[in-house]
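# Commentary on secondary and tertiary structure
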Amino acid sequence: MRFRHPDGSTVHLAYCTNVHPAETLDGVLAQLRDHCEPVRRRLGRDRLGIGLWLAKDAARALVTDPAALRGLRCELERRGLEVVTLNGFPYEGFGAEEVKYRVYTPDWADPERLEHTAALARVLAGLLPEDVTEGSISTLPLAWRTAYDDERAETARTALRTLAERLDALEELTGRSIRVALEPEPGCVVETTRDAIAPLTAVGHDRMGICVDTCHLATSFEDPGTALDDLARAGVPVVKSQLSAALHAEQPHLPEVREALAAFAEPRFLHQTRTATAAGLRGTDDLDEALAGDALPDAGPWRSHFHVPLHAAPAAPLTSTLPVLTSALTRLVGGPHPLTRHLEVETYTWQALPPELRPRGRAQLADGIAAELTLARDLLTDLGLKELP
């Protein structure tokens, strides 16, 4: 979906396909048919943006076979879909029964991460619509915090500099400008937007920036205005933003609140949980750890890294951090000029919701994704952006 900002620039809105598990190119093509096109039809749109997730095998097939890349591009056009951004965070296995810590490997100190991301950039340059010259790729925030020493940190910085050089060369070859964005996430080396400033400044290249995920922002109790002001002062570009909402519990000391939270503790994804205290942010790596005894102080609200549907906050006594998303979006695109032109709804946890909240079948999932995009569209038009055909 495209929107015209009051300054005349185009802002793109997509939804991320990592909600649909697929490891191969055939699986990606099936996604377009079974999920993405039905969402577009529900929205009554001739064109729908998707934030494509390509696992390593799918990416490798596309970058080594020009005919396969042309075929994917044709299939996108045939189904009324377009791609300006990729989710390069998960490397493989995101549809597995247990993902947890595996999603953070390989990290930026491993050569595989550089090669995979460079491959994604080449693929994206070949998928961008004819009238679009800028693409974006979000990636993991360097590494999970453990086993990350000074040597690995320097290796990661070198890899990012190498990537930036390859992106320069790619633009010279194709005329397409691809930028890569570190996506801060609780528990990682780059946990907050402020954590991203030093490593990105050290890389020192405008090809590299940040992806502001509003679920992660809220889970870390970051104020959107302060975070975006800090990035602007440091000269760190917001390459893209993922529109998502975290799970919020206002009174976690109450038994009924803990019981409601327990329904969201599940075995597939990691749900880092945080609370703000007078001594600073406290947290656990997963929601079940927070619920076990006194692992996490419960005098103040808890927020958990669980991407809940934007249009459907959990029932009381829980809610979501949609107000944080709204506040961030106002700063991102509500000013005289957009801070980013790539927005991506990223609720990948539909099938990890408590059983009674999960969609039953493809049709209900498509309905839910369309409802999320409708909410995002309404937020954008309320900010003065005009929806384009």
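Notes on the structure in this doc start here. (Residues numbered from 1 in each chain as written. Predicted model: local features only at pLDDT ≥ 70, side-chain atom pairs only at ≥ 80, totals over all residues. Heavy atoms only, no water.)

## As for the nonpolar core
- By size, the foremost hydrophobic cluster in this structure holds 113 residues, and its most contacted members are L13, Y15 and L373.
- With 9 residues, the top contributor of residues to this core is helix α12 (residues 362-382).
- Grouped together as the second largest cluster of nonpolar side chains are 5 residues, A218, A227, V324 and A328 included. (Core = buried A, V, L, I, M, F, W, Y, C linked by side-chain atoms within 4.5 Å. Buried < 20%, exposed > 50% of the residue type's maximum accessible area, 1.4 Å probe, protein only. Helix = DSSP H or I, 4+ residues; strand = E, 2+ residues; numbered from the N terminus.)

## Focus: the packing of helix α2 (residues 56-64) against helix α4 (residues 111-127)
- Between α2 and α4, the shortest axis-to-axis distance is 9 Å and the interhelical angle comes to 50 degrees. What the angle tells us is that α2 and α4 run oblique. Crossing of α2 against α4: the hand is left-handed. From α2, K56, A59, L62 and V63 reach across to α4, where they touch H116, A119, L120, R122 and V123.
- Looking at the contact of α2 with α4, its residues break down into 6 nonpolar, 1 polar and 2 charged. (Axes fitted to C-alpha atoms, helices over the stretch in contact; angles between N-to-C directions. Parallel < 35°, antiparallel > 145°, perpendicular 65-115°, else oblique. Left-handed = near helix turned anticlockwise from the far one by under 90°. Contact = heavy atoms within 4.5 Å. Nonpolar A, V, L, I, M, F, W, Y, C, P; charged D, E, K, R; others polar.)

## Overview of unusual backbone geometry
- Cis geometry marks the peptide bond from T105 to P106, where omega comes out at -10 degrees.
- For P106, the location among the structural elements is in the loop between β4 (81-87) and α4.
- The phi dihedral of A147 falls on the positive side, at around 55 degrees, and the residue is not glycine.
- Mapped onto the elements of the fold, A147 is located in the loop between β5 (134-139) and α5 (150-174).
- Positive phi values are uncommon outside glycine, yet F221 reaches one of about 55 degrees.

## A word on helix α1 (residues 25-43)
- Relative to the 27 Å expected for 19 residues at 1.5 Å per residue, α1 spans 26 Å between its end C-alpha atoms, a close match to the ideal helical length.
- Where α1 bends most, the angle comes to about 40 degrees, and this point is L32.
- Two residues or fewer past α1, G44 is found with a positive phi of approximately 65 degrees. (Expected span 1.5 Å × (residues − 1). Bend = angle between axes of the 7 residues up to and from the residue.)

## Some words on the sheet that holds strand β9 (residues 245-249)
- Pairing is antiparallel in the open sheet, where 5 strands are placed in the order β11-β10-β12-β9-β13. Edge strands, defined here as strands with exactly one partner in the open sheet, are β11 (280-284) and β13 (318-320). This sheet shows a mean twist of 30 degrees between the axes of neighbouring strands, independent of strand direction.
- Where β9 meets β13, 3 bridges bridge the pair, whose relative direction is antiparallel. What sits directly across from L247, in β13, is S320. (Pairing = 2+ DSSP bridges.)

## Some remarks on the layout of surface pockets
- The space that makes up the largest pocket amounts to roughly 270 Å³.
- In terms of lining, the largest pocket is formed by 18 residues, of which the most central are T10, H12, E134, R341 and H342.
- At the level of secondary structure, the elements contributing two or more residues to the lining of the largest pocket comprise β2 (10-16), β5 and β6 (177-182).
- It is β5 that contributes the most residues to the lining of the largest pocket, 3 residues altogether.
- Here the lining of the largest pocket is built from residues that sort into 4 nonpolar, 9 polar and 5 charged.
- Within this model, the second largest pocket holds a volume of roughly 160 Å³.
- Taken together, R47, R73, L76, E77, G80, L81, E82, V83, L127, L128, P129 and E130 form the lining of the second largest pocket.
- Of all the secondary-structure elements, those providing two or more residues to the lining of the second largest pocket are α3 (66-78) and β4.
- Residues of the lining of the second largest pocket, tallied by class, amount to 6 nonpolar, 1 polar and 5 charged. (1 Å grid on protein atoms, 1.4 Å probe; cavity = no way out; pocket = protein on both sides within 12 Å on 5 of 7 lines; lining within 4 Å. Points joined across faces, edges and corners; volume = space filled by probe spheres on them.)

Any functional reading would require information beyond the geometric quantities listed.
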